[in-house]
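Structural overview
Here is how the chains run, residue by residue.
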Amino acid sequence: MTTGSEPGLGLGERWADALVCSKTGEVGELDRPAFLSPAGAPWLVRYRLDRSLGEAFKAALAGRPWSLWRYAELLPLRDAEGRVDLGEGGTPLVRLERGVPAGIDVWLKEESGNPAGSFKARGLSLAVNRARELGATGVQLASAGNAAIAMSAYAAAAGLRCRVAVPVDAPTTVVERCRLHGAEVIVAGSNLAESGLELSRREGEFWELSTLKEPYRAEGKKTMGLEIVEQLGWSLPDWIIYPTGGGTGIVGMQKAFDELEALGLLSGPRPRFVAVQMAGCAPIVRAFEQRLDHAPPWEQPESRVWGLRVPKAIGDFLILRALRESDGTAVAVEESRIGREQERLAREAGVLVGPEGAAAMLGLRSLTEAGRIEAGQRVVVFQTGHPGNYG
Ligand SMILES: Cc1ncc(COP(=O)(O)O)c(C=O)c1O
């Protein structure tokens, strides 16, 4: 069943062959239900790649529609032609002429046009599709916003039951949108951990699709990296600035660049990743500054930038490793600047950004003011969700 508008992409075979534990390297079977590895760490999907495959893959892309499914060989679906497809991915990369620091070549990866209004569509499309083809009848997760909306939409399209738990202060728009897609919504707890606990107490066969607790959301987010490379003419930017909660995007994009390199389609220096978080919930920034390998939980998360109110990321060590290996950094921004930054970007650059996108742009400004990002450098900034998703 293809529910999207672009069936018959002429997709090649999948190159995925196993799961690998991101902590121990243990290898696991691909086509069975998978959540965390025996070490309690995220599984990542392994692909059989070598340089002889690269040019034919690149040539095949030319004939495929512009959605994330164009990269089917680098995705884990067994039956890509039979996928549930709402038109995810293929978002614009927009060069900003105005409203950005002088002399910097700034490109906005505008993700709000995805189904359900955010980049969460990418990961949840993959996770729901895999859950469906591996036999799930229901899916669940805890989220304060976009992940809940996106999972509800894909579960509806896939005909799966759906249950989400949101904290009591989550925007009412989020609750309404999930219910509109037919999800059961549990409003419980004052943060994600408490909502998740409430979810785990409920009965029923629901597969858990929380960030990096299953292997496939990172695969969907990986396509952001694949798209950037293609959109920049098979080259890389100097910096990627990413508003970071669970960090799947950073983990996924690093994986995308590794895979393109293994295919012989990329070489040269990697982009430096920047994780941007809110001052009221910045576990990754704190751990990066303290040179820790893991990020201790943030004690009292406070932020209305919902996507970034994540006190503990299960893939913290993977995010921190990606920041260090790429010679990147982590920046915290003040809550009070978000609204003004959204207005400024609307007025000066003509773009309507969500609060997470505004945080990323503030990260760009502070790194430029500090002289870390220099004139002439190319920077991709992630604008991850539509502001309307929060009401
Ligand atoms: C709009 C938006 N931006 C950024 C994030 C953080 O994304 P990640 O979990 O990949 O770090 C979220 C997560 O909920 C989000 O909804």
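The notes below deal with the structure included here. (Residues numbered from 1 in each chain as written. Predicted model: local features only at pLDDT ≥ 70, side-chain atom pairs only at ≥ 80, totals over all residues.)

1. Observations concerning the overall build of the chain
Helix and strand counts for the chain come out as 11 helices and 13 strands. Seen along its three principal axes, the alpha-carbon backbone of the chain occupies a region of about 50 × 50 × 40 Å. Across the chain, the fraction of contacts at a sequence separation of at least 24, relative to all contacts at a separation of at least 6, is 72%. (Helix = DSSP H or I, 4+ residues; strand = E, 2+ residues; numbered from the N terminus. Contact = placed C-beta atoms within 7 Å.)

2. What to know about the site of the ligand
Near the ligand, the surroundings consist of 18 residues, among which G245, G246, G307, T384 and G385 are the closest. When grouped by side-chain class, the residues that make up the shell around the ligand number two nonpolar, 14 polar and two charged. Domain assignment of the residues forming the shell around the ligand places at least three in each of domain 2 (93–115 + 217–390) and domain 3 (120–208). (Near = placed C-beta within 6 Å. Nonpolar A, V, L, I, M, F, W, Y, C, P; charged D, E, K, R; others polar. Domains from an automatic or database assignment.)

3. Details of the packing of helix 2 (residues 120–133) against helix 3 (residues 146–158)
Following both chains from N to C, one finds helix 2 and helix 3 inclined at 40 degrees, their axes separated by 9 Å at the closest point. As judged from the angle between their axes, helix 2 and helix 3 are oblique. Pair helix 2 / helix 3 crosses with right-handed handedness. When helix 2 is examined against helix 3, the residues K120, A121, L124, S125, V128 and R132 are found in contact with a partner set consisting of N146, A147, A150, M151, Y154, A155 and A158. (Axes fitted to C-alpha atoms, helices over the stretch in contact; angles between N-to-C directions. Parallel < 35°, antiparallel > 145°, perpendicular 65-115°, else oblique. Left-handed = near helix turned anticlockwise from the far one by under 90°.)

4. Quick word on the pairing of strand 7 (residues 161–166)
Most of strand 7 is tucked away, with five of its six residues classed as buried. Bridging between strand 6 (residues 138–142) and strand 7 involves five bridges; their strand directions are parallel. What sits directly across from V139, in strand 7, is C162. Crossover connection from strand 6 via helix 3 to parallel strand 7: handedness right-handed. The pairing of strand 7 with strand 8 (residues 184–187) spans four bridges and is parallel. Looking across to strand 8, one finds that R163 is bridged to E184. (Buried ≥ 20, exposed ≤ 12 C-beta atoms within 10 Å, placed from the backbone. Pairing = 2+ DSSP bridges. Right-handed = clockwise from strand over helix to strand, strands pointing away.)

5. Quick look at the nonpolar core
A general feature of soluble globular proteins is that nonpolar side chains tend to end up buried together. Counting residues in each nonpolar core, the largest one holds 119 residues, and the members touching the most others are V128, V139, M151, I241, V274, A275 and I284. Among the elements that line this core, the one with the most residues is helix 3, at 10 residues. In contact with I284, other than residues within four places in its own chain, are T244, G247, A275, Q277, A295, A313, D316, I319, L320 and A330. (Core = buried A, V, L, I, M, F, W, Y, C linked by C-beta atoms within 7 Å.)

6. A few points about the environment of W66
Here W66 is to be found in the loop between helix 1 (51–61) and strand 4 (93–95). Sequence separation of W66 and E88 is 22 residues, and the distance between their C-alpha atoms is 9.4 Å.

7. A closer look at the sheet that holds strand 12 (residues 329–333)
One open sheet holds the six strands; their spatial order is 4-5-13-10-11-12, and the pairing between them is mixed. Each of the sheet's edge strands pairs with one partner strand only, and the pair in question is strand 4 and strand 12. The average undirected angle you get between the axes of adjacent strands in this sheet is 25 degrees. Each of strand 11 (272–278) and strand 12 touches helix 9 (residues 316–325); the most contacted strand, strand 11, lies at about 130 degrees to it.

8. Looking at helix 5 (residues 192–201)
Here helix 5 has its buried residues at L192, S195, G196 and L199. The buried side chains of helix 5 occupy one side of the element, clustering within an arc of 100 degrees when seen end-on. Those residues of helix 5 that are buried are in contact with strand 6, strand 7 and strand 8. (Arc of directions from axis to C-beta.)

9. As for the sheet that holds strand 7
Overall, parallel pairing links the four strands, which are arranged 8-7-6-9 in an open sheet. Strands at the two margins of the open sheet, each flanked by one partner only, are strand 8 and strand 9 (207–208). Summarising the sheet, strand 6 and strand 9 pair through two bridges and their orientation is parallel. Looking at strand 9, one finds that Q140 is bridged to E208. Running at roughly 170 degrees to strand 7, helix 3 makes contact with strand 6 and strand 7 of the sheet.

10. Let's talk about the packing of helix 3 against helix 4 (residues 172–180)
One way to put it is that helix 3 packs onto helix 4 with a least axis distance of 8 Å and a crossing angle of 10 degrees. In terms of orientation, helix 3 lies roughly parallel with respect to helix 4. Packed against helix 3, whose contacting residues are A148, I149 and S152, the element helix 4 presents V174, R177 and C178 at the interface. In terms of residue class, the contact of helix 3 with helix 4 is built from four nonpolar, one polar and one charged.

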